[in-house]
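Each chain is listed here by its residues.
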Amino acid sequence: MLTLRERQINAIKQMLNLNSQQPKALAAEPVWKILIYDRVGQDIISPVISIKELRELGVTLHVQLHSDRDSIPDVPAIYFCLPTDENLDRIQQDFSNGLYDIYHLNFLAPITRTKIENLAAAALHAGCVANIHRMYDQYVNFISLEDDFFVLKHQQSDQLSYYAINRANTRDEEMVALMDSIVDSLFALFVTLGNVPIIRCPRNSAAEMVARKLEKKLRENLWDARANLFHMDATQAGGGVFSFQRPVLLLLDRNMDLATPLHHTWSYQALVHDVLDLGLNLVYVEDEAAGGARKKPKACDLDRNDRFWMTHKGSPFPTVAEAIQEELESYRNSEDEIKRLKTSMGIEGESDIAFSLVNDTTTRLTNAVNSLPQLMEKKRLIDMHTKIATAILNYIKARRLDSYFEIEEKVMSKQTLDKPLLELLRDPEFGQSEDKLRLFIIYYICAQQLPESEVERLKEALQAAGCDLTALAYVQRWKALMNRSPGISQATQYEGGGTKTVSMFTKLVSQGSSFVMEGVKNLVVKRHNLPVTKITEQVMECRSNAETDDYLYLDPKLLKGGDVLPKNRAPFQDAVVFMVGGGNYIEYQNLVDFIKQKQTSNVQRRIIYGASTLTNARQFLKELSALGGEIQSPATTS
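Not measured: the values here are computed from a predicted model.

## Here's the deal with the overall build of the chain
Next up, step 1: Along the backbone of the chain there are 22 helices and 16 strands.
Next up, step 2: Within the chain, the proportion of its 638 residues that are buried is 52%.
Next up, step 3: Taking contacts inside the chain between residues at least 6 apart in sequence as the whole, the part at least 24 apart equals 79%.
Next up, step 4: When the accessible area of the chain is evaluated, it comes to approximately 30000 Å², of which 52% is carbon and sulfur surface.

## Let's talk about the packing of aromatic side chains
Next up, step 1: All told, the structure shown has 19 aromatic pairs when counted by the stated rule.
Next up, step 2: Where Phe95 meets Tyr103, the ring centres are 4.9 Å apart and the plane angle is 80 degrees; that geometry is what we call edge-to-face. Each member of the pair, Phe95 as well as Tyr103, is classed as buried.
Next up, step 3: Ring geometry for Phe187 versus Phe230: centroids 6.1 Å apart, planes at 80 degrees, classification edge-to-face.

## Examining helix α21 (residues 585-598)
Next up, step 1: Along its 14 residues, α21 runs 20 Å from first to last C-alpha, staying within 8% of the 20 Å computed at 1.5 Å per residue.
Next up, step 2: Here α21 lies mainly inside the structure; ten of its 14 residues are buried.
Next up, step 3: Listed as buried for α21 are Tyr585, Ile586, Glu587, Tyr588, Gln589, Asn590, Leu591, Val592, Phe594 and Ile595.
Next up, step 4: The elements touched by buried residues of α21 are β6 (143-146), β7 (149-151), α9 (268-276), α20 (531-541), β15 (574-580) and β16 (606-611).
Next up, step 5: The distance from a side-chain oxygen at the start of α21 to the backbone nitrogen of Ile586 is 3.2 Å, and the residue carrying that oxygen is Asn584.

## A short note on the sheet that holds strand β4 (residues 100-107)
Next up, step 1: Pairing is parallel across the open sheet formed by five strands, whose spatial order is β2-β1-β3-β4-β5. A strand with exactly one partner marks an edge of an open sheet, and here the two such strands are β2 (59-64) and β5 (132-137). Ignoring which end each strand starts from, the neighbouring axes of this sheet average 20 degrees apart.
Next up, step 2: Here strand β3 (residues 72-81) runs beside β4; their pairing, made up of seven bridges, is parallel. Paired with Ala77 across the two strands is Tyr103, which belongs to β4.

## Thoughts on the pattern of salt bridges
Any two side chains of opposite charge can pair, on the condition that their charged atoms come close.
Next up, step 1: Under the defined criterion, the tally for this structure stands at 34 salt bridges.
Next up, step 2: Where Glu377 meets Arg380, a salt bridge forms, and the shortest distance between an N and an O atom there is 2.9 Å. With a gap of three residues between them, Glu377 and Arg380 both fall in helix α13 (residues 372-399), about one helical turn apart.
Next up, step 3: What you see here is one network of salt bridges that share partners, running through Asp274, Arg399, Glu434, Asp435 and Arg438.

## Details of α20
Next up, step 1: Most of α20 is tucked away, with nine of its eleven residues classed as buried.
Next up, step 2: Taken together, the buried positions of α20 are Pro531, Val532, Thr533, Ile535, Thr536, Glu537, Gln538, Val539 and Met540.
Next up, step 3: Here the buried face of α20 lies against β8 (198-201), β9 (248-253), β15, α21 and β16.
Next up, step 4: Looking one or two residues past α20, Cys542 carries a phi angle of roughly 55 degrees, positive in sign.

## What about the packing of α20 against α21?
Next up, step 1: Interhelical geometry of α20 versus α21 gives an angle of 40 degrees and a closest axis separation of 9 Å. Between α20 and α21, the angle is such that the two are oblique. Our pair here, α20 against α21, has a crossing hand that is right-handed. Contacts between α20 and α21 pair Val532, Thr533, Thr536, Glu537, Met540 and Glu541 from the former with Glu587, Asn590, Leu591, Phe594, Ile595 and Lys598 from the latter.
Next up, step 2: Classifying every residue of the contact of α20 with α21 by side-chain character gives five nonpolar, three polar and four charged.

## Focus on the pairing of β6
Next up, step 1: Relative to β7, β6 runs antiparallel, the two sharing three bridges. Following the sheet pairing, Glu146 is matched in β7 by Phe149.
Next up, step 2: Counting the residues that bridge the hairpin from β6 to β7 gives two residues.

## Things to note about unusual backbone geometry
Next up, step 1: Positive phi is not limited to glycine here, since Asn19 has a value of about 60 degrees.
Next up, step 2: Classification of Asn19 by relative accessible area gives buried; the value is 11%.
Next up, step 3: If you check the backbone angles, Arg400 has positive phi at about 55 degrees while not being a glycine.
Next up, step 4: Among the structural elements, Arg400 can be located in the loop between α13 and α14 (401-412).

## A few points about the sheet that holds β15
Next up, step 1: Reading across the sheet, the seven strands line up as β6-β7-β16-β15-β9-β8-β14 and stay open at both edges, with mixed pairing between neighbours. Edge positions in the sheet fall to β6 and β14 (552-554), since each has one partner strand and no second. Within this sheet the neighbouring strands show an average axis-to-axis angle of 20 degrees, counted without direction.
Next up, step 2: Judged from the six bridges that link them, β9 and β15 form a sheet pairing that is parallel. Note on β15: the bridge partner recorded for Val248 is Ala575.
Next up, step 3: α20 rests against β8, β9, β15 and β16 of the sheet, and its axis sits at about 145 degrees to β9.
Next up, step 4: In this fold α21 packs onto β6, β7, β15 and β16, with an angle of close to 175 degrees to the strand it touches most, β16.

## Observations concerning the environment of Leu276
Next up, step 1: Within the element layout of this structure, Leu276 appears in helix α9.
Next up, step 2: Along the sequence, Leu276 and Ile392 sit 116 residues apart, while their C-alpha atoms lie 7.6 Å from each other.
Next up, step 3: When residues no more than four places from it in sequence are discounted, the contact partners of Leu276 are Leu271, Val283, Val285, Ile388, Ala391, Ile392 and Tyr395.

## Digging into the packing of α9 against α21
Angle between the axes and distance between the axes: these two values describe a pair of packed helices.
Next up, step 1: Two elements in contact, α9 and α21, have axes whose closest approach is 9 Å; the angle formed by their N-to-C orientations is 175 degrees. As judged from the angle between their axes, α9 and α21 are roughly antiparallel. Along its contact with α9, which presents Gln269, Ala270 and His273, the element α21 presents Tyr585, Ile586, Tyr588 and Gln589.
Next up, step 2: Looking at the contact of α9 with α21 residue by residue, the classes come out as four nonpolar, three polar and no charged.

## Thoughts on the nonpolar core
Next up, step 1: Leu16, Leu35, Val272, Ile388 and Ile392 are the most contacted members of the largest nonpolar core, which has 89 residues in total.
Next up, step 2: In terms of residues, this core owes the most to one element, α13, which gives ten residues.
Next up, step 3: If sequence neighbours within four positions are ignored, Leu16 has contacts with Lys33, Leu35, Ile49, Leu54, Leu57, Val59 and Ile78.

## Some points on the confidence of the model for the chain
Next up, step 1: Scored by pLDDT, the chain comes out at a mean of 86, with 86% of its residues at no less than 70.
Next up, step 2: pLDDT under 50 marks residues 233-239. Its contacts with residues more than four places away, or in other chains, come to nine contacts.
Next up, step 3: Throughout residues 503-512 the model reports pLDDT below 50, and contacts reaching past four residues in sequence, or to other chains, amount to 20 contacts.

Conventions we followed
- Residues numbered from 1 in each chain as written.
- Predicted model: local features only at pLDDT ≥ 70, side-chain atom pairs only at ≥ 80, totals over all residues.
- Heavy atoms only, no water.
- Helix = DSSP H or I, 4+ residues; strand = E, 2+ residues; numbered from the N terminus.
- Buried < 20%, exposed > 50% of the residue type's maximum accessible area, 1.4 Å probe, protein only.
- Contact = heavy atoms within 4.5 Å.
- Areas by Shrake-Rupley, 256 points an atom, 1.4 Å probe, with all protein chains shown as cover.
- Phe/Tyr/Trp six-rings, centres within 6.5 Å; stacked < 30°, edge-to-face > 60°.
- Expected span 1.5 Å × (residues − 1).
- Polar contact = N/O pair within 3.5 Å; in protein donor to acceptor, adjacent residues only side chain to side chain.
- Pairing = 2+ DSSP bridges.
- Axes fitted to C-alpha atoms, helices over the stretch in contact; angles between N-to-C directions.
- Salt bridge = Lys/Arg side-chain N within 4 Å of Asp/Glu carboxyl O.
- Parallel < 35°, antiparallel > 145°, perpendicular 65-115°, else oblique.
- Left-handed = near helix turned anticlockwise from the far one by under 90°.
- Nonpolar A, V, L, I, M, F, W, Y, C, P; charged D, E, K, R; others polar.
- Core = buried A, V, L, I, M, F, W, Y, C linked by side-chain atoms within 4.5 Å.
- pLDDT = per-residue confidence, 0-100.

Structure representation (structure tokens):
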């Protein structure tokens, strides 16, 4: 069964194949073409199709729509962009300049009737109507980062950020445009999946606005006989990604949990995102130049072809360090084997034994030499992961990230701390000011009742450590609002798994590793569910619960929309969990671990996690500070 990512790749490849079905056996000679995309189109293509794959599909040149381009006759030009006024003006400019002989226009979102008419008028004026071969609405306006993880925006993602949704002076039309943008992308997602979901979401939140609009859009499309995009979902799309059962779309608001986005993490992928700014599966690691003088960042591509990454992205960091060491050992053994075989080829004497030995060795050497390309690739990946892991290790040591992770897990699971928090915050050696602020906010959110005097003392310690406390004004207001909400107690929804320190890194020490793990704790994390995962479980299992029973229940397939729960419901096998206001790799990994546990031999369950944007703790803290700044000096509404 195809995953979301594979379906999006197939749709894009079909577009690059000039919107004709790709034959099973690829033609020896593809049609040569050029690809012109805007920034959004670029963000969608770059994590799923490599430059090498573009070449294989016949794309000889790929350029930005708004760059200076030369005329290239006789070659089809494929446009892949949003139908914004700015983009359409540029396309009309290309028409009048006669840049290409064959135009294939593919829009990421449906283009309106008026805009098509304007485009047609421009083509008529430029005398190039016959040159426009195809025009398509491609419903692929979302970014697939993993088989089961998508975001809506990467560049200019602040348009859909937590700050944009929650700031005080957002005008109504801005909010409507923002919500429409999210709805259009989610609609495209379900067109790609080939399924109409049942929608659940909390009431009176940004998620409800999205849910209502999305239900209306899906219902209008389903009951439109001519333009229905789902009428073939059972045949054409192989029954959709999900089986006969419909998936549940669980729309959640970031306001339900502000602690997790600030949490220090311990798994490989989330650490890469937190400390090295992983973006579109690409991370830049500083590489020392000759003489150790100047450092230049080196791009590392963490994609699904990297077996090590696919196996260990959710593993705790110490496990990853040990696994890299083991891979290195196995590579060295293979290399030594080849060297040994080469030397043993010089056997002296003409005896039969020598001859048979040579024959045997020749075969083994041939096999070893044939495996050289795989070995070289293995070496490249080992070097890349060593570089990334070393960079992370330096951050862990410099900022004491292992201790922060351990303390925050204790705070979330209501365990007593070894040292009082005040003492930790006053310790100048204990991490950076940003780390201290993150720890304090998590402590503040998870504590049930904090005396005002204690909060003030902790604030003074933070100020002395050089922290900017602007974000706290917003967090305090948020907590006060949340405590008033029925059914949600911020203090009780966290159950942190806690950690235990196992024996230090025996393998790494005994094998003379390149990782100097001295002073870093080998923490083993106990399995636990984050708030998002708990709600997902309740909704999928259709369990009765004070919090989720009140969630809206919207079914776009019903002619008359109601939002009341039906009496008899079967549990859902498949879910799409979408976070309005920004998601993170910590929640994604927690959902992946949860669904792995739920698999049985006869029941396959799937969860796809998505978010309007992907933010790490530093970016999220910046958004909270911006919101706190508005409370401290209220902005005038324009």
